[in-house]
Protein chains: 2
Amino acid sequence: MDKHTPIDLTLTERHSAVTITQWVYSTLRQAVLLGKIPPGRALTIRELATLLDVSPMPIREALRQLSAEGALEIQGNRRVMVPKMTAMKFAELVEARICLETHSAVRAMPYIDEARLAQLEDLDHRIDIATEHGNGHDVTRYNQEFHRLLYTANPHQVTQSLIESLWLQLAPFMQVAIENLDDYYQVDRHKEAISAIRERDSLALQMAISADIRDGCAFASSPEQLQQLLG
Amino acid sequence: MDKHTPIDLTLTERHSAVTITQWVYSTLRQAVLLGKIPPGRALTIRELATLLDVSPMPIREALRQLSAEGALEIQGNRRVMVPKMTAMKFAELVEARICLETHSAVRAMPYIDEARLAQLEDLDHRIDIATEHGNGHDVTRYNQEFHRLLYTANPHQVTQSLIESLWLQLAPFMQVAIENLDDYYQVDRHKEAISAIRERDSLALQMAISADIRDGCAFASSPEQLQQLLG
DNA sequence: ATGTCTGAATTGTGATCACATATTCGATGA
DNA sequence: TCATCGAATATGTGATCACAATTCAGACAT
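Everything in this summary refers to the structure shown in the same document. (Residues numbered from 1 in each chain as written. Chains lettered and ligands numbered in written order. Predicted model: local features only at pLDDT ≥ 70, side-chain atom pairs only at ≥ 80, totals over all residues. Heavy atoms only, no water.)

### Some points on the overall build of chain A
- A tally of helices and strands in chain A yields 11 helices and 2 strands.
- Counting helices and strands in the order they occur from the N terminus, chain A gives α-α-α-β-β-α-α-α-α-α-α-α-α.
- Here chain A holds 231 residues, and the buried ones make up 51% of them.
- For chain A, long-range pairs separated by at least 24 residues make up 73% of all intrachain contacts whose partners lie at least 6 apart in sequence.
- If you sum the accessible surface of chain A, you get close to 11000 Å²; carbon and sulfur atoms cover 51% of it. (Helix = DSSP H or I, 4+ residues; strand = E, 2+ residues; numbered from the N terminus. Buried < 20%, exposed > 50% of the residue type's maximum accessible area, 1.4 Å probe, protein only. Contact = heavy atoms within 4.5 Å. Areas by Shrake-Rupley, 256 points an atom, 1.4 Å probe, with all protein chains shown as cover.)

As structure tokens, then:
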């Protein structure tokens with residue numbers, strides 16, 4: 001668990017206008033979101049610096065930022081790792097998501113115009129296609145974009161960074177969900193959400209978002225199901 | 001606005017077991033919470049390093065962490081500052097607080113035993129005394145401790161860091177509240193919360209917490225009232 | 001008085017180094 | 001065979017330096 005499992009980071013092209021720290025941050029964040037880093041695996045600055053071919057300095061900054069966002073955890077021994085999960089914590093995270101995201105959705109609703117509604121429908125369509133093709137990564141990516149596009153309609157946004165923090169904490173343990181996703185997307189909650197927005201029905205929107213989140217995490221509804229993926 | 005207004009940081013004793021970065025972080029965080037740093041004022045690494053008599057390195061780390069937590073903001077020009085506030089954003093922050101904190105309180109309630117209830121009552125008593133003496137800083141400090149002690153009863157806590165982020169964003173603009181606090185603490189919402197917990201009444205607890213937060217931010221209920229403190 | 005331009009000073013970013021501490025691993029003993 | 005201990009290594013923290021980009025101040029022209 002501690003050091004010898006390798007980490008495969010997908011290195012993206014680095015634009016010159018972006019600081020190295022930002023690039024490192026995005027790279028590591030993406031790795032966390034895709035579950036590339038085993039929970040509990042010790043992340044050392046020098047190892048990552050070698051892996052990404054940069055100096056230790058940008059790594060330090062990126063690790064501290066990700067830790068502040070809850071994506072990583074700094075232990076007492078000053079080691080950095082993806083936090084380990086428990087069934088209870090998982091449940092709390094899901095409930096927190098529902099609480100924050102339904103709130104954010106309702107607060108965003110008044111600002112959603114036809115243009116954004118069209119974009120939401122487009123994303124929902126992409127999700128359908130990706131689901132048919134069994135392309136799990138695309139499903140999760142477009143799903144995130146769908147939620148983000150919905151919430152950020154509110155121009156006085158203050159909850160998005162909090163929501164992203166919850167996503168980061170849950171993501172490493174959602175890999176099983178995207179592998180066998182056929183079971184979970186029986187009902188298209190996104191279409192329910194869209195029509196709720198059209199009718200300006202706050203309660204219906206809350207129900208749709210809430211159900212969508214619960215569906216996506218249903219695989220871990222029982223502690224036993226989750227437990228096997230934590231060991 | 002930009003540089004020449006001085007910032008007075010209260011320097012606390014630094015324990016040797018704590019890293020310099022952590023000490024700098026606490027110091028700056030406290031300064032933000034007490035509204036010592038004017039919003040929009042540019043914070044430069046070297047200036048703070050001189051002020052705190054440390055090397056620039058711990059300052060960089062602390063600034064990045066505080067920025068990730070929403071206490072500070074990194075602009076495009078890479079300048080760091082306390083974010084400016086708008087009336088709408090203030091309202092959103094208050095609503096987000098109510099949403100998250102009522103949720104967190106209800107989830108913590110099952111874990112609150114008599115011992116913790118006694119601590120809560122003790123803190124409430126301290127708040128009463130501080131209010132009588134007109135000691136605003138103590139009121140806000142004990143008030144924060146009261147809420148923190150309540151929420152952290154839940155051992156599977158995941159919302160506390162999110163809540164603290166909201167506190168950090170609101171705090172710089174709450175100074176007017178603690179200056180003339182006589183008007184706002186007419187009803188002791190904390191006692192309502194405590195008795196709600198005793199009776200295991202989730203709804204009453206939600207109402208108490210919600211009212212407590214609203215009371216504390218009532219001074220900014222109208223955009224005009226808030227506006228005068230933003231300029 | 002006011003706006004514009006240019007050179008100087010300041011600043012953030014990133015690299016490198018020193019050092020105290022934590023971790024690892026092999027030797028030694030039972 | 002296994003536990004214990006100590007040295008060698010690895011690691012995080014913090015300091016210092018170089019450099020490009022930004023900001024600032026003063027001169028100049030209008």
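### Overview of the relation of the copies chain B and chain A
- Mapping chain B onto chain A leaves a residual RMSD of 0.0 Å; the transformation is a rotation of 180° accompanied by 0.0 Å of translation along its axis. Here the transformation between the copies is reduced to the relation of a two-fold axis.
- A shared interface surface links the copies, since 100% of the contact residues of chain B are contact residues in chain A too. (Least-squares fit on C-alpha atoms with pLDDT ≥ 70 in both.)

### Some details on the protein's contact with DNA strand D
- By nearness alone, 19 residues border DNA strand D, and Arg46(A), Arg60(A), Ile20(B), Thr21(B) and Ser55(B) come closest of all.
- Among the atoms of DNA strand D lying within 4 Å of the protein, the sugar-phosphate backbone contributes 56%.
- Within the backbone of Leu43(A), an N or O atom sits 3.5 Å from a phosphate oxygen of DNA strand D.
- Within the side chain of Asn77(B), one N or O atom sits 3.2 Å away from a phosphate oxygen of DNA strand D.
- Those elements that provide at least two residues to the surface near DNA strand D are helix H2 (45–52) and helix H3 (56–68) of chain A together with helix H1 (20–33) and helix H3 (56–68) of chain B.
- With 3 residues, the top contributor of residues to the surface near DNA strand D is H3(B).
- Along the lines of polarity and charge, the residues of the surface near DNA strand D split into 7 nonpolar, 5 polar and 7 charged. (Near = heavy atom within 4 Å. Polar contact = N/O pair within 3.5 Å; in protein donor to acceptor, adjacent residues only side chain to side chain. Nonpolar A, V, L, I, M, F, W, Y, C, P; charged D, E, K, R; others polar.)

### Describing the packing of helix H4 (residues 87–108) of chain B against helix H7 (residues 160–170) of chain B
Residue and element names in this part refer to chain B.
- In contact at an axis separation of 10 Å, H4 and H7 are set at 150° when each is read in the N-to-C sense. Judged by the inter-axis angle, H4 sits roughly antiparallel to H7. Relative to H7, H4 is oriented so that their crossing is left-handed. Contact residues: H4 offers Phe90, Leu93, Val94, Ala96, Arg97, Leu100, Glu101 and Ser104, while H7 offers Leu162, Ile163, Leu166, Trp167, Gln169 and Leu170.
- Tallied by class, residues from the contact of H4 with H7 come to 10 nonpolar, 2 polar and 2 charged. (Axes fitted to C-alpha atoms, helices over the stretch in contact; angles between N-to-C directions. Parallel < 35°, antiparallel > 145°, perpendicular 65-115°, else oblique. Left-handed = near helix turned anticlockwise from the far one by under 90°.)

### Overview of the packing of aromatic side chains
All names here are of chain B.
- For the coordinates displayed, the defined rule picks out 0 aromatic pairs over all chains.
- Lying over the aromatic face of tryptophan 23, arginine 14 brings its terminal NZ or CZ to 5.9 Å of the ring centre.
- A cation sits over an aromatic face here: arginine 141 above tyrosine 142, 5.2 Å from the ring centre. (Phe/Tyr/Trp six-rings, centres within 6.5 Å; stacked < 30°, edge-to-face > 60°. Lys NZ or Arg CZ within 6 Å of the ring centre and 35° of its normal.)

### Description of the interface of chain B and chain A
- Contacts between chain B and chain A engage 29 residues on the former and 29 residues on the latter.
- Interface area, chain B with chain A, both sides summed: about 2900 Å², of which 62% is carbon and sulfur.
- Joining chain B to chain A, the criterion identifies 6 salt bridges.
- As a salt-bridge pair, Glu61(B) and Arg64(A) come within 2.6 Å of each other at their nearest N and O atoms.
- Our count for the contact surface shared by chain B and chain A stands at 10 residue pairs in polar contact (both at pLDDT 80 or more).
- The set of elements that each furnish at least two residues to the side of chain B that touches chain A consists of H3, H4 and H7 of chain B. (Buried area = accessible area lost by both parts, 1.4 Å probe. Salt bridge = Lys/Arg side-chain N within 4 Å of Asp/Glu carboxyl O.)

### Digging into empty space enclosed by the protein
All names here are of chain B.
- With the rule as written, the count across this model stands at 3 cavities of 30 Å³ or more.
- Space inside the largest cavity adds up to approximately 50 Å³.
- Along the walls of the largest cavity sit Gly70, Ala71, Val82, Pro83, Met85, Lys89, Leu93, Leu168, Gln169, Pro172 and Phe173, which together make up its complete lining.
- Listed by contribution, the elements that provide at least two residues to the lining of the largest cavity are H4 and H7.
- A class-by-class count of the residues in the lining of the largest cavity yields 8 nonpolar, 2 polar and 1 charged. (1 Å grid on protein atoms, 1.4 Å probe; cavity = no way out; pocket = protein on both sides within 12 Å on 5 of 7 lines; lining within 4 Å. Points joined across faces, edges and corners; volume = space filled by probe spheres on them.)

### Examining the side chain of Gln160(B)
Residues and elements named next belong to chain B.
- Turning to its location among the elements, glutamine 160 is positioned in helix H7.
- Take glutamine 160: its relative accessible area is 9%, and that puts it in the buried class.
- Not counting residues up to four positions away in its chain, the partners in contact with glutamine 160 are Arg148, Tyr151, Thr152 and Trp167.

Structural measurements only, silent on function.
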